[in-house]
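Spelled out from the first residue to the last, the chains are:
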Amino acid sequence: MSKPRSRKRDESAKRKKPSGRAPSAQNWIWGQHAVAAALANPKRRLKRLFATKNAAERAKLGGTPPVSVSPPELSSMLPQGAIHQGIAAEFEPLQPVQLDDLIGSGAKRLVVLDQISDPHNLGAIFRSAAAFGFSGLILQDRNTPPITGIVAKSAAGAIETVSECRVVNVARALDRFGVEGFHTVGLSGDGARMIGDAVSGATKIAIVMGAEGSGLRPGVAKACAEVAKIPMAPRMESLNVSNAAAIAFYEVFKLSL
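Not measured: the values here are computed from a predicted model.

**Considering the layout of surface pockets**
Phase 1 of the analysis: One number sums up the size of the largest pocket: a volume of about 600 Å³.
Phase 2 of the analysis: As for the largest pocket, its lining consists of 26 residues, of which Leu-187, Ser-188, Gly-189, Ser-238 and Leu-239 are closest to the centre.
Phase 3 of the analysis: Secondary structure elements with two or more residues in the lining of the largest pocket: strand S11 (226-229) and helix H11 (241-253).
Phase 4 of the analysis: Per-element accounting of the lining of the largest pocket gives the leading share, three residues, to S11.
Phase 5 of the analysis: Taken together, the residues of the lining of the largest pocket sort by class into 14 nonpolar, eight polar and four charged.
Phase 6 of the analysis: The space that makes up the second largest pocket amounts to roughly 480 Å³.
Phase 7 of the analysis: If you trace the second largest pocket, you find 26 residues lining it, with Arg-44, Pro-93, Leu-94, Gln-95 and Glu-164 closest to the centre.
Phase 8 of the analysis: Of all the elements in the fold, those that place two or more residues in the lining of the second largest pocket are strand S1 (28-30), helix H7 (149-155) and strand S7 (163-167).
Phase 9 of the analysis: Counting residues per element, the lining of the second largest pocket draws most heavily on S7, which supplies three residues.
Phase 10 of the analysis: Here the lining of the second largest pocket is built from residues that sort into 13 nonpolar, eight polar and five charged.

In structure tokens, the structure reads:
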């Protein structure tokens, strides 16, 4: 026979208040730039919009009236530690594009991410991709985080302009890009050439980045047309993956200047 619950435990359970967190935090976007960009995206379907009085006065909401809330109320709706800048919105999630559609769109600059796991890095890579004219990010389906509010905040609106594409097999996707005329360049410290030399002269380019720490998997590196490195001082072995991505994207962007 099970023991009866103590009165003390029952009273404690009654006193415990619900956290107020959103039931599906991954559908929330917060921060001035991220929310404004999502509201401006015609592909987005808004469900709820909240803002403090001050944030509503300075934000570009496109005529959409927000529900007025206090900063603590807004914080209670979002994941702990979310830097919301007084504004947050719940949207229907954007659907990833298909690989065929991305190729058929005429994209000439793409990024392939193999098992990037940190959402802040993922958001920063989205932001750099948008800054340097890349059309889409191809993500490994099982081992890459979903595009949550953390990614959106780090991307500062770039998830609205750079397409997300999910694939099961990264190496197979790289083979497809090769057939379609893309020069696929993986980044690794043991690359044969510098990144600037590797991308020079190519009209269609896919930059391939490996996971934080472990880098490119052998099978993915083998599927690239070549593996290149970033020049840096001898005393440093490597860069954060999002910083390395920004440098590589800039080298590609310079081709169009």
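Having seen the model, we can carry on.
**Comments concerning the nonpolar core**
Phase 1 of the analysis: If you look at the biggest cluster of nonpolar residues, it comprises 46 residues, and the most contacted ones within it are Leu-113, Phe-126, Leu-137, Ile-195, Ile-207 and Phe-249.
Phase 2 of the analysis: In terms of residue count, the dominant contributor to this core is H11 (six residues).
Phase 3 of the analysis: Sequence-distant contacts of Ile-207, that is, excluding residues within four places in its chain, are made with Leu-110, Val-111, Val-112, Phe-134, Val-185, Leu-187, Ile-195, Val-199, Ala-248, Phe-249 and Val-252.
Phase 4 of the analysis: In terms of nonpolar packing, the next biggest core, distinct from the first, is built from 20 residues, Ile-103, Phe-177, Ala-206 and Ala-223 among them.

**Quick word on the pattern of salt bridges**
Phase 1 of the analysis: Considering all chains together, one arrives at nine salt bridges under this definition.
Phase 2 of the analysis: In this structure, Arg-44 engages Glu-160 in a salt bridge whose closest nitrogen and oxygen atoms are separated by 3.0 Å. In this pair, Arg-44 sits in the loop between helix H2 (32-40) and strand S2 (46-51) while Glu-160 sits in the loop between H7 and S7, placing the two residues 116 residues apart along the sequence.
Phase 3 of the analysis: Judged by its relative accessible area of 15%, Arg-44 falls in the buried class.
Phase 4 of the analysis: Given a relative accessible area of 15%, Glu-160 falls into the buried group.
Phase 5 of the analysis: Across the pair Arg-176 and Asp-100 runs a salt bridge whose closest N-O atoms are separated by 2.6 Å. Within this pair, whereas Arg-176 is found in helix H8 (residues 170-179), its partner Asp-100 is found in helix H5 (residues 99-104), the two being separated by 76 residues in sequence.
Phase 6 of the analysis: Residue Arg-176 is classed as partly exposed on the basis of its relative accessible area, which comes to 28%.
Phase 7 of the analysis: Overall, the relative accessible area of 48% leaves Asp-100 in the partly exposed class.

**Topic: helix H6 (residues 119-131)**
Phase 1 of the analysis: Taking 1.5 Å of rise per residue, 13 residues should cover 18 Å, and H6 covers 18 Å from first to last C-alpha, within 8% of that figure.
Phase 2 of the analysis: Next to the buried residues of H6 lie strand S5 (109-113), strand S6 (136-140), H7, S7 and H11.
Phase 3 of the analysis: For H6, the N-terminal capping position is held by Asp-118, with its side-chain oxygen 2.9 Å away from the main-chain nitrogen of His-120.
Phase 4 of the analysis: Just past H6, the residue Gly-133 takes up positive phi, approximately 80 degrees.

Calculation rules
Residues numbered from 1 in each chain as written. Predicted model: local features only at pLDDT ≥ 70, side-chain atom pairs only at ≥ 80, totals over all residues. Heavy atoms only, no water. 1 Å grid on protein atoms, 1.4 Å probe; cavity = no way out; pocket = protein on both sides within 12 Å on 5 of 7 lines; lining within 4 Å. Points joined across faces, edges and corners; volume = space filled by probe spheres on them. Helix = DSSP H or I, 4+ residues; strand = E, 2+ residues; numbered from the N terminus. Nonpolar A, V, L, I, M, F, W, Y, C, P; charged D, E, K, R; others polar. Core = buried A, V, L, I, M, F, W, Y, C linked by side-chain atoms within 4.5 Å. Buried < 20%, exposed > 50% of the residue type's maximum accessible area, 1.4 Å probe, protein only. Contact = heavy atoms within 4.5 Å. Salt bridge = Lys/Arg side-chain N within 4 Å of Asp/Glu carboxyl O. Expected span 1.5 Å × (residues − 1). Polar contact = N/O pair within 3.5 Å; in protein donor to acceptor, adjacent residues only side chain to side chain.

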